[in-house]
Structures are given as structure tokens and as C-alpha cells.
Amino acid sequence: MKEAAIVILNYNGETMLRQYLPQVIGNSVFEIVVVDNGSKDGSIAFLQKDFPNVSLILLKENHGYSKGYNLGLEELKGKFSYYLLLNSDVEVTPGWDRAMVDCLSEKPAVAACQPKVLSLSHKGYFDYAGAAGGFLDQLGYPYCRGRVLHLLEEDQGQYNDSIELDWASGACFCVKAPLFHQLGGFNPYFFSHMEEIDLCWRMRNEGYKIHYCGQSAVYHLGGGTLSQTNPFKTYLNFRNSLYMLNSNLKFDSFIKVFLWRMVMDFGAMLHLLFTKGGKHSKAVFKAYWDFLTNRQAVNYQEFKKVKQLKSAQPKAVYSIILAYYLKGKKKYSQLS
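In this report, the structure presented in the accompanying data block is examined.

What counts, and where the lines are drawn
Residues numbered from 1 in each chain as written. Predicted model: local features only at pLDDT ≥ 70, side-chain atom pairs only at ≥ 80, totals over all residues. Heavy atoms only, no water. Phe/Tyr/Trp six-rings, centres within 6.5 Å; stacked < 30°, edge-to-face > 60°. Buried < 20%, exposed > 50% of the residue type's maximum accessible area, 1.4 Å probe, protein only. Helix = DSSP H or I, 4+ residues; strand = E, 2+ residues; numbered from the N terminus. Disulfide = S-S within 2.5 Å. Pairing = 2+ DSSP bridges. Right-handed = clockwise from strand over helix to strand, strands pointing away. Lys, Arg positive; Asp, Glu negative; His and termini not counted. Salt bridge = Lys/Arg side-chain N within 4 Å of Asp/Glu carboxyl O. Polar contact = N/O pair within 3.5 Å; in protein donor to acceptor, adjacent residues only side chain to side chain. Contact = heavy atoms within 4.5 Å. Axes fitted to C-alpha atoms, helices over the stretch in contact; angles between N-to-C directions. Parallel < 35°, antiparallel > 145°, perpendicular 65-115°, else oblique. Nonpolar A, V, L, I, M, F, W, Y, C, P; charged D, E, K, R; others polar.

Regarding the packing of aromatic side chains
Okay, step 1: Enumeration over the complete set of coordinates arrives at 20 aromatic pairs.
Okay, step 2: Where phenylalanine 46 meets phenylalanine 51, the ring centres are 5.6 Å apart and the plane angle is 75°; that geometry is what we call edge-to-face. Each of the two residues, phenylalanine 46 as well as phenylalanine 51, counts as buried.
Okay, step 3: Their ring planes at 50° and their centres at 5.8 Å tell us that phenylalanine 190 and tyrosine 243 sit as a pair that is tilted. Here the residue phenylalanine 190 occupies a position in the loop between α5 (177-182) and α6 (195-205), and tyrosine 243 occupies one in helix α7 (residues 231-248), the gap between them amounting to 53 residues.

Shown next, in the form of C-alpha cells:
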């Protein structure tokens, strides 16, 4: 069994691969595998011509992030001890991969970790997707050190540490390979968005820990596949958040959280109506409708076997929404 593989999921990303793959190759020590999600552009021809040493796994259609990675990693099962899942629009720094693998190998109880994720388009600031490590409030809303809702902090070395998290960013995600397969991988019904948060929660339900590795840093462009302006992204975020809560909370706890979420998300519908338009507001309603009618996704495999270990409970912040808008707490350092 080899030590680790860097696995990049690609869908019509020839432009991103041309831009960032050479730099990933130059700054990495582990083998690189590209899983192609049925691309229709010139991605495959480009890789075969310019990077014949990069391993290719070809899928026939676009399965999204969650199922795409599940199918690709199934082909690698038993061959590697660690997977480093990397978005195609990420610029890495020297030693990024070695530092993350060392973080997991030195800590038997840690199942997954993420690096410092900085913005490629706003240099000097943290990136929206993970920043310096992810947390959940008691209603299941995610937030990060370095990014609370839409406010990004400037990187001044304040998060050059290593701490325990609630979840690690899927933009750059290092996980112990056998455990990934043991827990069923990502929930394939998520398609994209929040599947890494769900997997991390399931890992914590099993007694494992998630860590932040501040010794590793990457720069994320973001929006390469699905931009913030796309209503489908709004739909996925709200729907998958409900899937995640239902899968990782016991029934009585879920009902309490769900009732509060309905109130909060109704407010979000109104906010989106006036800030992004009717399509985004309708996307929230559709997310709730599909959650309530699609029981197959809600009960995928055996994800409902929740142990509710103390280590798996959300952190002390009750609602990051209320803390941000009503209390003016817009930085992680203000939330304690």
C-alpha cells in the first residue's frame, strides 16, 4: 500500500487544469490522480498529451462532487493509506501535502484534516471555503475561523496553529483512506456542497477527531464549477444542510433543531428575495420540499445510526446568524 494519493475531481475543467496542475505537480510529493466526471471539453486530451504520468479515472457522466469522488476513490481502494482531495482551482504551496499527511499519521484519533485555505482572488485574506477550519453552531449552520458568514478576515498569522474542528473543507481535504470507505464515503445524494461536513460529523459520531493543520497552506479560487450567483448552489446548501441534520441527530434533537431552522430559513428566503432575487428565494422552498419528500436520500445506507458522543456535539455558539446580525459578532475571536 502506498502512502498517499492527491485526487483531483474534474468536470469540464481544462482551463483550471492548465492553470493549476503544473504548480500542484511541482509543489507536491505524492502521486496525482485525476477523476474525470464525464467532461465534454478538452480535459482528457490535454491530460493525456501534456501530463501522461498523471493517472486518470474516467467516469461516464457527471455525478457531482460526492458520488464522483466515491466512484473514483473506489477504484483506489486498498492502494493508499491517505487521500488528499483537492479542488482543481487550488494553488498549493511547497510541502502542503506532506504536512497534512504527517498531521494524520502522528495522531491516531484524527480522521481528517484541512490546511489554511486562503483566497486566490483576494490575496492576504482567508477563503470562504474552509478558511482556518470549520465549526457548526447548535442549529447546524457552518462557520469558520477567518470567515463568519460572508466576512473574510485578513491573514495576519493569527491561525498558524493546529486545533480540533467540527469539519474540514472539501476544497482541500486529507482523510484516512480505510476510514473513508468504512463509513461509506460521501452521501451521494448530496451531489455537491456540505458533503464533507456531513462526513466529518459522522466521523465524530464514531469517536474520531477532525483537525486543522496551520503548517500547510493553499490558495482557492472558488466558483469554478458553481458560482455564488447560481440558485442551484443556494438550493444545494439548504437542502443538504437538512439532510445532514437528519442523518446526524437523534429524532428528538432533530425535531427541535428543524423547527428553529424553519423559522430561520424563512427569514433567509425573505433576505434572498430582496438581495439576490426570486430564484434564490424559491430555491430555499424547493430545498425544504425535496428534503421532506425524498426519504431515500435522508436515510441513505445506515447513516441514521447516531451515537451522539460528547465529542460530536456542535460548539457553544447557538446561532451564528443571530450572533452576526443581532450581536455584531463578525469574527471568530468575538464568539467565545
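Section: the state of the cysteines
Okay, step 1: Counting across every chain of the model gives 0 disulfides.
Okay, step 2: Cysteine cysteine 144 shares no disulfide, and the gap to the nearest cysteine sulfur, in cysteine 200, comes to 12 Å.
Okay, step 3: For cysteine 144, a relative accessible area of 0% gives the class buried.
Okay, step 4: Cysteine cysteine 200 is unpaired, with the sulfur of cysteine 113 as its nearest cysteine sulfur at 9.9 Å.

Some thoughts on the pairing of strand β1 (residues 2-10)
Okay, step 1: Within β1, 7 of the 9 residues are buried, leaving the element largely enclosed by the surrounding structure.
Okay, step 2: Relative to strand β4 (residues 80-86), β1 is paired through 6 bridges, and the arrangement is parallel. By the bridge assignment for β4, isoleucine 8 is matched with leucine 86.
Okay, step 3: Pairing analysis gives 6 bridges linking β1 to strand β2 (residues 31-37), with the strands arranged parallel. When the sheet's bridge partners are listed, isoleucine 8 is paired in β2 with valine 34.
Okay, step 4: On the question of chirality, the crossover connecting β1 to the parallel β2 by way of helix α1 (residues 14-26) is right-handed.

Re the side chain of arginine 239
Okay, step 1: Of note, arginine 239 is situated in helix α7.
Okay, step 2: No salt bridge is formed by the buried arginine 239. Its closest oppositely charged neighbour is aspartate 290, at 5.4 Å.
Okay, step 3: Of note is the side chain of arginine 239, whose polar atom sits 3.1 Å from the backbone oxygen of phenylalanine 190.
Okay, step 4: When neighbours within four sequence positions are excluded, arginine 239 is seen to be in contact with Tyr189, Phe190, Phe191, Ala287 and Asp290.

Observations regarding the packing of α7 against helix α8 (residues 251-275)
Okay, step 1: In the contact formed by α7 and α8, the axes pass within 11 Å of each other and the chain directions differ by 170°. Relative to α8, the element α7 lies roughly antiparallel. Contacts from Thr234, Phe238, Ser241, Leu242, Leu245 and Asn246 in α7 reach Phe254, Val257, Phe258, Arg261, Asp265, Ala268 and Leu272 in α8.
Okay, step 2: A per-class count over the contact of α7 with α8 returns 8 nonpolar, 3 polar and 2 charged.

Looking at the pairing of β4
Okay, step 1: Counted residue by residue, β4 has 6 buried out of 7 residues, so it is predominantly covered.
Okay, step 2: One ladder, built from 5 bridges, connects β4 with strand β12 (residues 172-176); its direction is antiparallel. What sits directly across from leucine 86, in β12, is cysteine 172.

Examining helix α4 (residues 96-105)
Okay, step 1: In terms of residue burial, α4 counts as a mostly covered element, since 7 of its 10 residues are buried.
Okay, step 2: Those residues of α4 that sit buried are Trp96, Asp97, Ala99, Met100, Val101, Cys103 and Leu104.
Okay, step 3: Tucked into the core, α4 has its buried residues touching β1, β4, β5 (90-92), β6 (110-119), β12 and β13 (209-220).

What about unusual backbone geometry?
Okay, step 1: Positive phi, normally seen in glycine, also occurs at leucine 149, with a value near 55°.
Okay, step 2: Considering the arrangement of structural elements, one finds leucine 149 in the loop between β9 (147-148) and β10 (151-152).
Okay, step 3: Judged by its relative accessible area of 12%, leucine 149 falls in the buried class.
Okay, step 4: Not every positive phi belongs to a glycine, and histidine 193 is a case in point at roughly 85°.
Okay, step 5: Within the fold, histidine 193 resides in the loop between α5 and α6.

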